[in-house]
Amino acid sequence: MEIRLRGLRSGQRVISLPPTSTILLTTIISPLGVPVTALDVPADWWTQRASADHRAHLTSVVELARQARAAAEDVKEIDSPEENE
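This is a predicted model, so every value here is computed, not measured. (Residues numbered from 1 in each chain as written. Predicted model: local features only at pLDDT ≥ 70, side-chain atom pairs only at ≥ 80, totals over all residues. Heavy atoms only, no water.)

Trainee: Where do I start with a nonpolar patch on the surface in this structure?
Mentor: Taken together, Ile15, Leu17, Leu39 and Trp45 make up a surface patch of nonpolar side chains, about 390 Å² in accessible area. The class for Leu17 is partly exposed, based on a relative accessible area of 35%. (Patch = residues over 30% accessible without salt bridge, like charges linked within 9 Å, V, L, I, M, F, W, Y side chains within 5 Å. Areas by Shrake-Rupley, 256 points an atom, 1.4 Å probe, with all protein chains shown as cover. Salt bridge = Lys/Arg side-chain N within 4 Å of Asp/Glu carboxyl O. Buried < 20%, exposed > 50% of the residue type's maximum accessible area, 1.4 Å probe, protein only.)

Trainee: Looking at this model, I keep getting lost on helix H2 (residues 21-29). Mind explaining?
Mentor: Side chains of residues three or four places apart in an α-helix project in the same direction, reflecting 3.6 residues per turn. Every buried residue of H2 is accounted for by Ser21, Thr22, Leu25, Thr26 and Ile29. The buried residues of H2 occupy an angular sector of 140 degrees when projected down its axis, which confines them to one face. (Helix = DSSP H or I, 4+ residues; strand = E, 2+ residues; numbered from the N terminus. Arc of directions from axis to C-beta.)

Trainee: Honestly, the environment of Thr20 in this entry has me stumped. Any pointers?
Mentor: Topologically, Thr20 is positioned in the loop between strand E1 (14-16) and H2. In this structure the C-alpha to C-alpha distance between Thr20 and Leu58, which are 38 residues apart in sequence, comes to 8.3 Å. Those residues in contact with Thr20, other than ones at most four positions away along the chain, are His57 and Val61. (Contact = heavy atoms within 4.5 Å.)

Trainee: Explain the side chain of Thr26 here, please?
Mentor: Note that Thr26 resides in helix H2. Its relative accessible area of 0% is what places Thr26 among the buried residues. Beyond its immediate sequence surroundings of up to four residues, Thr26 is in contact with Pro31, Val36, Ala65, Ala68, Arg69 and Ala72.

Trainee: Teacher, can you tell me more about the pattern of salt bridges here?
Mentor: Between side chains of opposite charge, pairing is possible as soon as their charged atoms come close. Enumeration according to the criterion identifies one salt bridge in this entry. The closest approach of N and O atoms between Arg66 and Asp40, which form a salt bridge, is 3.5 Å. In this pair, Arg66 is assigned in helix H3 (residues 52-79) and Asp40 in the loop between strand E2 (36-38) and H3, connecting sequence segments 26 residues apart. In this structure Arg66 comes out as partly exposed when scored by relative accessible area, which is 40%. Assessed through its relative accessible area of 38%, Asp40 is described here as partly exposed.

Structure, rendered in C-alpha cells:
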C-alpha cells in the first residue's frame, strides 16, 4: 500500500482502517501535504470471535497513526517556508 500511495500530492487524502501500515504511510506522505486518517473499526463490524485483545490492538494502532500524523504536521510547520522568512 505504501508504495502505491507514495506518489500522492497535496489536495489528496487517504482514509484507512487501522492496519499497522497506516503508521508508516502517515510518516511517508503526510509531510507531502497528504493527510492520512486512520479510523476506528465500527463497533457493529466486530463479531463475537474478535477478542478483546485484538480490538485493543487495533485501537492502539489508530492512536499511533494519529500520533504519527500529528508529528508529521509538526514537522511540516517547522519546515514551512512562511515560518523561515
